[in-house]
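Observations on the three-dimensional arrangement
In case you want the letters, here they are:
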Amino acid sequence: MDTVLDQPWTTETFLAWEDRQEGRFEFDGRDVIPMTGGSIAHQRIAGNLWAALIRLLADGPLIAMLEMRLRAGARVRYPDVTVCAGPLDQTTRTLTDAVAIFEVLSDDTATTDRVDKLIDYSALPSLRLYVLLEQTAVAATVFQREPGAPWIAAAQTKGALDLPALGISLPLAELYQGLSFPG
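This write-up is about the structure you can find in this document. In this text, all values refer to a predicted model and were calculated from it rather than measured experimentally.

Where empty space is left in the structure can be found by rolling a water-sized probe over the atoms. If you add up the space inside the largest pocket, you get close to 600 Å³. Counting only elements with at least two residues in the lining of the largest pocket, the list comes to strand 2 (32-34), helix 2 (40-56), strand 7 (98-104) and helix 3 (110-121). In terms of residue count, helix 3 provides more of the lining of the largest pocket than any other element does, four residues in total. For the lining of the largest pocket, the per-class residue count stands at six nonpolar, 10 polar and 12 charged.

If you want it as structure tokens, here you go:
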């Protein structure tokens, strides 16, 4: 459930407030949104993804971060996995220059991930990839763009995701390892 504020907050006010909280919260520019835990499948996919990216990006300048706070304009989000250019100061709490963002879709967040967050993340000039991973089937929707160009979307259910902006190919089967789906 969204928490409506008594008075408008700035993004800076929200970030200072959230830094003092025990839990994590997103900010959509108006409302504070408490973050909840995901299902086993959600956690497995996000963990498998992060591990695969750590391995595939090990020799380059890009860094994969798991559930790291990201500021996109006036919005503050916690993508499941974010890839950004390194090096980063180890005290960094908020990313602002993602190259790729990955979200694992849940029934209760799918519309937000597909629409609101795509709009929010589009404010990041550095962003080249936005990848949505289904939680109930082996499937991904990949949004790619060049600087200043519109998004190009493609869906995929097998094989590997070719991600030229990251210089890697990401096997879908590896992301869904340990999970089974009705056939």
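What follows continues from the structure just given.
Here we take up the pairing of strand 9 (residues 140-144). In this structure, strand 8 (residues 129-133) lies alongside strand 9, joined through five bridges in antiparallel fashion. Counted as the bridge partner of L133 is A140 from strand 9. Connecting the antiparallel pair strand 8 and strand 9 is a turn made up of six residues. The pairing of strand 9 with strand 10 (residues 152-156) spans five bridges and is classified as antiparallel. Opposite T141, over in strand 10, you have A155 as the bridge partner.

Below, the discussion takes up the pattern of salt bridges. When the charged atoms of two side chains lie near each other, side chains of opposite charge can form a pair. Summed over the entire model, instances satisfying the criterion amount to 12 salt bridges. A salt bridge links D19 to R69; the nearest nitrogen and oxygen atoms lie 2.9 Å apart. Of this pair, D19 sits in the loop between helix 1 (11-18) and strand 1 (25-27) while R69 is found in the loop between strand 3 (62-66) and strand 4 (70-72), placing the two residues 50 residues apart along the sequence. Of the residues examined, D19 reaches a relative accessible area of 33% and is grouped as partly exposed. Overall, the relative accessible area of 4% leaves R69 in the buried class. Here R114 and E134 are joined by a salt bridge, their closest N and O atoms 2.7 Å apart. With R114 in helix 3 and E134 in the loop between strand 8 and strand 9, this residue pair connects regions lying 20 residues apart in the sequence.

Further remarks concern helix 2. The terminal C-alpha atoms of helix 2 lie 24 Å apart, and with 17 residues this matches the ideal 24 Å at 1.5 Å per residue to within 8%. Where helix 2 is concerned, the buried positions are A41, H42, I45, A46, N48, L49, A52 and L53. The buried residues of helix 2 occupy one face: seen down the axis, they fall within an arc of 160°. Against the buried residues of helix 2 lie strand 3, strand 6 (81-85), strand 7, strand 8, strand 12 (168-171) and helix 4 (172-175).

Basis of the calculations
Residues numbered from 1 in each chain as written. Predicted model: local features only at pLDDT ≥ 70, side-chain atom pairs only at ≥ 80, totals over all residues. Heavy atoms only, no water. 1 Å grid on protein atoms, 1.4 Å probe; cavity = no way out; pocket = protein on both sides within 12 Å on 5 of 7 lines; lining within 4 Å. Points joined across faces, edges and corners; volume = space filled by probe spheres on them. Helix = DSSP H or I, 4+ residues; strand = E, 2+ residues; numbered from the N terminus. Nonpolar A, V, L, I, M, F, W, Y, C, P; charged D, E, K, R; others polar. Pairing = 2+ DSSP bridges. Salt bridge = Lys/Arg side-chain N within 4 Å of Asp/Glu carboxyl O. Buried < 20%, exposed > 50% of the residue type's maximum accessible area, 1.4 Å probe, protein only. Expected span 1.5 Å × (residues − 1). Arc of directions from axis to C-beta. Contact = heavy atoms within 4.5 Å.

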